[in-house]
There are 2 protein chains.
Amino acid sequence: MRHSTGQKDRESRLLRQLREKGYKLTSQRLAIIHLLAGDTSHPSASDVLKRARKRVPKISMSTVYYALDMLKREGLIRELEFYEKENRYDINISDHINLVCRKCGKIEDFMGEVPLSPTEVEGKTGFRPEGMRFEFYGYCRACKNRGKR
Amino acid sequence: MRHSTGQKDRESRLLRQLREKGYKLTSQRLAIIHLLAGDTSHPSASDVLKRARKRVPKISMSTVYYALDMLKREGLIRELEFYEKENRYDINISDHINLVCRKCGKIEDFMGEVPLSPTEVEGKTGFRPEGMRFEFYGYCRACKNRGKR
DNA sequence: ACGCATTTTCGGAATGATTCCTAATTAGAT
DNA sequence: ATCTAATTAGGAATCATTCCGAAAATGCGT
Ligand SMILES: [Mn+2]
Ligand SMILES: [Mn+2]
Ligand SMILES: [Zn+2]
Ligand SMILES: [Zn+2]
């Protein structure tokens, strides 16, 4: 295993990388990084705002977007874009499949290899992949057990 | 093979299905369906508007959205949603992988089985998939051969 | 500890694709 | 030809995100 995935370890790794790049570690950023490091729920920007305000009550939405943008430019988080809903932010930056519940909106990770490699795609098509987005839409275990709609 | 994929066949199949459901076939809709049936480029709503105006010069954007919405509700096209760009419309409604070029915006189909079945996902996780979205982002053959950015 | 340059914050305005609204038009049935 | 429900068109509204400018804060050098 390359990295521990504990919240504390992930948090200090993020902070170290930002410090190395010369970013200022404000209380707003510390709060955002702290909550993201321990969150596998793929939160939206407004989720992040709500939780960050528990530690830094006056933090603004602009600041949340500015911090999320920095983190994604540095490759430390991934943004999952949706048109009809808010975008979501994923602390898991590896190529993986997300399972998106159509009822409750929960997004969970599907563990396991993505069963098609970029190399294979390029060999067959000439298209050179640099990123991927694999999602299933449906009903999570909880939602499917209480009538799907 | 189940269906022919020729433009003419696809077009008459779409028209038949809409007639059966009682939809009115206006000149605006005929133009939109005609162009979609022969288009594998995954056009945006404004692409559709531009091309539809060649046959029906006064067609409005509202009408294009209304028609696209009808087609997707009937399961005859698929909408690919993007946050930072316009949504795109796919006449290929089967589960398949799309290759999205980051330089020119072209979207092409990757032919071949999607290498992971909904059944397998449900067996491993309890999540019940009903739809999927599999995309690779990168550079199409033309764009990768002229400096990627 | 102090001052400084630069970055960051924050509130509000702007953006833009899509959706909503309403009145006028039209397809298709009788 | 008439009628009615569906469709069209243009404009307003929506809303998450981005942009803007001024005020505040960080962290470095001294
Ligand atoms: Mn994930
Ligand atoms: Mn496609
Ligand atoms: Zn659910
Ligand atoms: Zn290209």
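Summary of the structure given here. (Residues numbered from 1 in each chain as written. Chains lettered and ligands numbered in written order. Predicted model: local features only at pLDDT ≥ 70, side-chain atom pairs only at ≥ 80, totals over all residues. Heavy atoms only, no water.)

1. Things to note about the relation of the copies chain B and chain A
Under the fitted operation, chain B is carried onto chain A by 0.0 Å of movement along the axis and a turn of 180°, and the coordinates agree to an RMSD of 0.0 Å. Such a turn and shift between the copies fits a two-fold axis. By residue overlap, the copies meet face to face through one surface: 100% of the interface positions of chain B are interface positions in chain A. (Least-squares fit on C-alpha atoms with pLDDT ≥ 70 in both. Contact = heavy atoms within 4.5 Å.)

2. Brief notes about the protein's contact with DNA strand D
Neighbouring DNA strand D are 19 residues; Lys24 and Tyr65 of chain A together with Thr26, Arg29 and Thr63 of chain B lie closest to it. Among the atoms of DNA strand D close to the protein, meaning within 4 Å, 73% are from sugar or phosphate groups. Thr26 of chain B is positioned such that a nitrogen or oxygen atom in its side chain is 2.5 Å from a phosphate oxygen of DNA strand D. Within the side chain of Thr63 of chain B, one N or O atom sits 2.5 Å away from a phosphate oxygen of DNA strand D. With three residues, the top contributor of residues to the surface near DNA strand D is helix H4 (residues 61-73) of chain B. Along the lines of polarity and charge, the residues of the surface near DNA strand D split into six nonpolar, eight polar and five charged. (Near = heavy atom within 4 Å. Polar contact = N/O pair within 3.5 Å; in protein donor to acceptor, adjacent residues only side chain to side chain. Helix = DSSP H or I, 4+ residues; strand = E, 2+ residues; numbered from the N terminus. Nonpolar A, V, L, I, M, F, W, Y, C, P; charged D, E, K, R; others polar.)

3. Description of the coordination of the zinc ion (ligand 3)
Coordination sphere of the zinc ion (ligand 3), protein contribution only: Cys101 of chain A (SG), Cys104 of chain A (SG), Cys140 of chain A (SG) and Cys143 of chain A (SG), at 2.3 to 2.4 Å. In this structure, the zinc ion (ligand 3) is coordinated by four donor atoms arranged in tetrahedral fashion, with angles at the metal of 103 to 116°. (Donors = N, O, S within 2.8 Å, 3.2 Å for Na, K, Ca; no water. Tetrahedral: all angles 85-135°; square planar, octahedral: opposite > 155°, others 65-115°.)

4. Some points on the coordination of the manganese ion (ligand 1)
All names here are of chain A. For the manganese ion (ligand 1), the protein coordination sphere consists of His42 (NE2), Asp90 (OD), His96 (NE2), Asn98 (OD1) and Asp109 (OD), at 2.1 to 2.2 Å. Within one chain, the residues donating to the manganese ion (ligand 1) are spaced in sequence as H-x47-D-x5-H-x1-N-x10-D. Separated by 67 residues along the polypeptide, His42 in the loop between helix H2 (27-37) and helix H3 (45-52) and Asp109 in strand S4 (residues 107-110) bring together distant segments of the chain. With relative accessibility at 2%, the residue His42 sits in the buried group. (Buried < 20%, exposed > 50% of the residue type's maximum accessible area, 1.4 Å probe, protein only.)

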